[in-house]
Amino acid sequence: MTLTVLAVGAQATAQDLGRPGHAALGVPVGGAADREALRGANRAVGNPLDAAALELLLGGLEVQTDSAAILAVTGAPASVWRNAVPVPFGESFAVRPGDRVRIGTPVIGLRSYLAVRGGLRAARLYGSASTNPTADLGPAPLAPGDRWEVADGADDDPTLGFSPTSTVHPPQQELTVRVVLGPRDDWFTPQALDRLTASRWETTAEADRVGIRLAGATLERARCGELASEAMVRGAIQVPASGQPIVFGPDHPTTGGYPVIGVVVDADLDQLWQARPGSGVRFRTVPPPW
């Protein structure tokens, strides 16, 4: 079976759960920005949870199928049509040969996920088919006229209309995310550490899969000079000279030279990558897990 791309919105890419374990080679982990939504889409169609699916930024995708298939759309809630007839968001549904499926612009959130039973067939690099446009890794972002083959990687027999509880990660206008301080919190004044958690931060338009720049109070340093490049992880909060923090996302660089004041707890990151510009963010410090 193949999917033919008829239209693409702001951006559509193939994503799975990424390429962990290759940072020493300079290879970012990448993978879906909202991993729980990806897992939910795959669960709905009976795929392994790490099967490759399509990540849609602000919807706008239209595809045509050449044979019968089962699909599901999760993540940022959006209208879904099969041949101009609405189908439920967050549930598995069937298509026939020649059907057209269109995903509208999400009413809230940023990223929706389209999974097809069997998973997308794409060349794997370091064990993953995920696209990292910044590092030029994986398949190219989708374009009209592309044809995507569907693999035969289903695990279970899905029930049409199946809606796993994790299909929707509700985006909110104000998020509270947990953060573990360090490893360079000693580079900042006590006032800056207080501001990190006492302030309301706002997501800006300077946001992509690499990172989100937040606007708010200035985080002042207690030390001068610059760090040598250090290893970075998803969720690291880097603070450049401007004092405005940047939270690293799935396509973050593997090293960086600005001090990291803290790291967002991994379980809280998916919701952050559904936050539209202007959303509020508050940090709540928690002790490290060790």
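Scroll up a little and you will see the structure.
On a predicted model such as this, the values are computed, not experimentally measured, just so you know.

Novice: I'm lost on the overall build of the protein in this one. Help?
Specialist: A tally of regular secondary structure across the protein gives 3 helices and 20 strands. Taking 2.2 N^0.38 as the reference for a compact globule, 290 residues should give roughly 19 Å; the C-alpha atoms of the protein span a radius of gyration of 20 Å, in line with that estimate. Viewed in the frame of its principal axes, the protein has a C-alpha envelope of about 65 × 35 × 35 Å. Classification of the 290 residues of the protein by burial places 50% in the buried group. Taking as baseline every contact in the protein between residues at least 6 positions apart, the subset at least 24 positions apart corresponds to 77%. Looking at charge distribution, the protein has the averaged site of its 25 positive side-chain charges lying 2 Å from that of its 30 negative ones.

Novice: Is there a simple way to think about the layout of surface pockets in this case?
Specialist: Unoccupied space between atoms shows up once a probe the size of one water molecule is rolled over them. Estimated volume of the largest pocket: approximately 280 Å³. Around the largest pocket sit 22 residues that line it, and L57, R111, A207, D208 and R209 are the ones nearest its centre. When its residues are assigned to classes, the lining of the largest pocket shows 12 nonpolar, 5 polar and 5 charged. Of the pockets and cavities examined, the second largest pocket occupies roughly 220 Å³. As for the second largest pocket, its lining consists of 19 residues, of which P20, V29, G30, R234 and H252 are closest to the centre. Here the lining of the second largest pocket is built from residues that sort into 10 nonpolar, 5 polar and 4 charged.

Novice: Is there a simple way to think about the side chain of S199 in this case?
Specialist: With respect to the element layout, S199 can be found in the loop between α2 (190-198) and β13 (201-207). One polar contact links the side chain of S199 to the main-chain carbonyl oxygen of R195, over a distance of 2.8 Å. If near-sequence neighbours (up to four positions away) are discounted, S199 is found in contact with A217, V281 and R282.

Novice: Hey, could you run me through helix α1 (residues 35-45) in this one?
Specialist: Residue pairs spaced three or four apart in an α-helix point in one direction, given the helix's 3.6 residues per turn. Burial of α1 is extensive: 8 of the 11 residues sit out of reach of the surface. Of the residues making up α1, those classed as buried are R35, A37, L38, G40, A41, N42, A44 and V45. Where α1 is buried, its residues meet β2 (11-15), β3 (53-57), β5 (69-75), β10 (111-116) and α3 (269-272). Within two residues after α1, G46 carries a phi angle of roughly 85°, on the positive side.

Novice: Could you clarify how one ought to interpret the pattern of salt bridges in this entry?
Specialist: Taken as a whole, this structure holds 19 salt bridges when the rule is applied. Residue E174 pairs with R282 through a salt bridge whose shortest N-O separation is 3.1 Å. Taken together, the positions of E174 in strand β12 (residues 174-181) and R282 in strand β20 (residues 280-285) put the pair 108 residues apart, joining distant regions of the chain. With its nearest N and O atoms 2.8 Å apart, the salt bridge here joins R209 to D251. Taken together, the residues R209 in the loop between β13 and β14 (211-215) and D251 in the loop between β17 (246-248) and β18 (255-256) connect sequence positions 42 residues apart. Residue class for R209 comes out buried when judged on its relative accessible area of 5%. Judged by its relative accessible area of 4%, D251 falls in the buried class.

Novice: Could you clarify how one ought to interpret the side chain of Q15 in this entry?
Specialist: By the element assignment, Q15 lies in strand β2. Classification of Q15 as buried rests on a relative accessible area of 0%. Among the polar contacts made by the side chain of Q15, one reaches the side chain of R209 at a distance of 3.4 Å. Apart from residues lying up to four places away in sequence, Q15 is in contact with G31, A32, L38, A51, A52, A53, E55, S130, T131 and R209.

Novice: Whenever I open this one, the pairing of strand β4 (residues 62-65) confuses me. Can you help?
Specialist: Side-chain direction in a regular strand flips from residue to residue, so the side chains alternate between the two faces of the sheet. Where strand β1 (residues 2-7) and β4 come together, 4 bridges link them in antiparallel fashion. Counterpart to L3 in the pairing with β4 is T65. Bridge analysis of β4 against strand β9 (residues 100-103) gives 3 bridges, and the strand direction is antiparallel. Among the inter-strand pairings, Q64 is bridged to a residue of β9, identified as R100.

Here is what the cut-offs are and how they apply
Residues numbered from 1 in each chain as written. Predicted model: local features only at pLDDT ≥ 70, side-chain atom pairs only at ≥ 80, totals over all residues. Heavy atoms only, no water. Helix = DSSP H or I, 4+ residues; strand = E, 2+ residues; numbered from the N terminus. Rg over C-alpha atoms; globule rule 2.2 N^0.38 Å. Buried < 20%, exposed > 50% of the residue type's maximum accessible area, 1.4 Å probe, protein only. Contact = heavy atoms within 4.5 Å. Lys, Arg positive; Asp, Glu negative; His and termini not counted. Charge placed at Lys NZ, Arg CZ, Asp CG, Glu CD. 1 Å grid on protein atoms, 1.4 Å probe; cavity = no way out; pocket = protein on both sides within 12 Å on 5 of 7 lines; lining within 4 Å. Points joined across faces, edges and corners; volume = space filled by probe spheres on them. Nonpolar A, V, L, I, M, F, W, Y, C, P; charged D, E, K, R; others polar. Polar contact = N/O pair within 3.5 Å; in protein donor to acceptor, adjacent residues only side chain to side chain. Salt bridge = Lys/Arg side-chain N within 4 Å of Asp/Glu carboxyl O. Pairing = 2+ DSSP bridges.

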